[in-house]
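Residues per chain, in single letters:
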Amino acid sequence: MTINLRNDAAAKRLNNDALTGLPAAIERPSYDRKAISPGIVHIGLGAFCRAHAMVYTDDVLQNGATDWGVVGVALMSPASRDALKPQDGLYTLLSRDNDRDNLRVIGSILDVMVTAEQKSEVFELLCKPEIRIVTLTVTEKGYCLDGATGSLDEKHPAIIADLENPTDPRSVPGFLTEALRLRRAAGQAPFTVLVCDNLAQNGIKVRNAVTRFATLRDEELGRFVADNVAFPCTMVDRITPATQDADRRKVSEMLGVADAWPVVTEPFRQWVVEDHFPLGRPDWEKAGAIMAQDVLPYELMKLRCLNGSHSTLAYLSVIAGIETITDAMADEDLPRVIRRLWDEDLVPTLPPVPGTDVVAYTHDLETRFRNTGVRHLTLQISWDGSQKLPPRLLEAAAELYSSGRDPKVIPLTVAAWMRFLSGKNELGQDYTITDPHAARLTGIVKDAGSDAARLANALFDIREIFGDVLPGNAHFRAEVIKHLSSLMSHGVRKTLKAFLGEV
Ligand code: CS2
């Protein structure tokens, strides 16, 4: 990340001293930040956690807690530390409801560290008894899982490297294993690991991956992790695009001091957390989190309905040259496609969700997607399709088939993803494929040329994405190939018209 603040050399920076001088309308910590001690270490300080978990925790501190501050840790990149350290960990949350802005300065991050530069300090902190929770937002790919099975990808280069050199970890499973090992050696009970990324049964998957990594390292350590470490599941939700330079300038102007890394987000937020914290937890429910025994129904609803329709909009839009989700929602066909996705493919797969009308939830999603204040780039959502398609849509397709029904829109989304992999939109513009499997995927595209069936068949063979069952389904293969041929020869508009039965 390059931070580009106009006149930043001259500008006064947001920090503890600047808080009292901010314009009166801007919310800010009312608690004494110097009296707060850390209780949480957070791994991965991107925009999402700073619009979500850090805000719930800031609310808890506003409510009077003093021992649940957060230390942010980046594994490799110094960018978050370099932006936030000069600001005493403070940053601005700009929540936007169309043209209405609300600014709030968040104070829950007390310090920021970079493991690659401060390894012993980071592990020393993780061995302290007051650190009771490690939260993570490292994106789906950060856990080094096999997309189709959700188990540890033992061929992942970072996993191979960490098994060779386990006291100097680069991967998340390697890092957590080393921290838990050192903490145990220091005589401390293990911290709770709270995964806040978009995977169904995220706690269970990461628990299995860390246990497997620890077992490969040392069987006894593996047993220790399996028997003693809590990994509650969570459903996390707040639409938060990557921060742009224009956001930095706008927020800095509104604050009157420079903020190198504000976050722009929507007003809506939701957090459902499995209530299993052996060493205790902040009162997140007082900040609106739902503490539940079973998070799975909420996770499936959110991953499939929100993230699944996001991916569908994203691939079709990137190919058509539509830049943002709001623009996609202004299209004549795309909103009708995702309405069918919800009604025909996704809602029928969902278990009852406590206290929630799932159909009303999909209507609320439409309103959220239409928010003109949040400029969410379709290209950003297109990243890491190999990791996102299985939990968002492929699992639902497999469930529909096994209950005797055919998915209607999911094959179209898969075809759009395949067409998207060409790296060129219908306006002739090039874009980059960002994906852990990018080299393999783009190699397949090159070999297939303009042959849709060849392309689809080669991609179906990637077991880490499609698994073993779905590619064996003749209906699924035929539907994907039909839509892909149409996208390749006639483009998005005609394909959507044909899909919607209008030509
Ligand atoms: C999006 C998510 O980038 C993506 O793939 O679908 O980041 C989405 O905005 C969040 O999960 C909303 O909670």
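Residues numbered from 1 in each chain as written. Predicted model: local features only at pLDDT ≥ 70, side-chain atom pairs only at ≥ 80, totals over all residues. Heavy atoms only, no water.

Trainee: I tried to follow the site of the ligand on my own but got confused; where do I start?
Mentor: With respect to spatial proximity, the complete set of residues near the ligand consists of Asn198, Val236, Asp237, Arg238, Ile239, Lys302, Asn307, His310, His376, Ile381, Lys388 and Arg392. Here an oxygen atom of the ligand and a backbone polar atom of arginine 238 are 3.0 Å apart. Measuring from an oxygen atom of the ligand, one finds a side-chain N or O atom of arginine 392 at 2.9 Å. Look at the ligand: alone it shows 340 Å² of surface, and the protein chains cover 89% of it. (Near = heavy atom within 4 Å. Polar contact = N/O pair within 3.5 Å; in protein donor to acceptor, adjacent residues only side chain to side chain. Areas by Shrake-Rupley, 256 points an atom, 1.4 Å probe, with all protein chains shown as cover.)

Trainee: Just checking my understanding: could you explain the domain arrangement of the protein chain for this structure?
Mentor: Interfaces are often sized by the accessible area lost when the parts come together. According to the domain assignment, the protein chain contains domain 1 (6-292) and domain 2 (296-499). Inter-centroid distance (C-alpha atoms) of domain 1 to domain 2 is 29 Å. Taken residue by residue, the interface counts 33 residues in domain 1 and 35 residues in domain 2. Summed over both sides, the interface between domain 1 and domain 2 buries roughly 2600 Å², with carbon and sulfur atoms accounting for 54% of that surface. (Domains from an automatic or database assignment. Contact = heavy atoms within 4.5 Å. Buried area = accessible area lost by both parts, 1.4 Å probe.)

Trainee: What exactly am I supposed to notice about the pattern of salt bridges here?
Mentor: If the charged atoms of two oppositely charged side chains come close together, the side chains can form a pair. What the rule picks out here adds up to 40 salt bridges. As a salt-bridge pair, aspartate 168 and lysine 119 come within 3.7 Å of each other at their nearest N and O atoms. Taken together, the positions of aspartate 168 in the loop between helix 5 (157-164) and helix 6 (172-185) and lysine 119 in helix 4 (residues 119-126) put the pair 49 residues apart, joining distant regions of the chain. Among the residues examined, aspartate 168 registers a relative accessible area of 40% and is labelled partly exposed. Note that arginine 340 and glutamate 344 form a salt bridge whose closest N and O atoms lie 2.8 Å from each other. With arginine 340 and glutamate 344 both in helix 12 (residues 334-346) and 4 residues apart, this pair spans about one turn of that helix. Here arginine 340 falls in the partly exposed class, since its relative accessible area comes to 23%. On the accessibility criterion, glutamate 344 (32% relative accessible area) is partly exposed. A single network of salt bridges, built from pairs that share partners, joins Asp331, Glu332, Asp333, Arg336, Arg493, Lys497 and Glu502. (Salt bridge = Lys/Arg side-chain N within 4 Å of Asp/Glu carboxyl O. Helix = DSSP H or I, 4+ residues; strand = E, 2+ residues; numbered from the N terminus. Buried < 20%, exposed > 50% of the residue type's maximum accessible area, 1.4 Å probe, protein only.)

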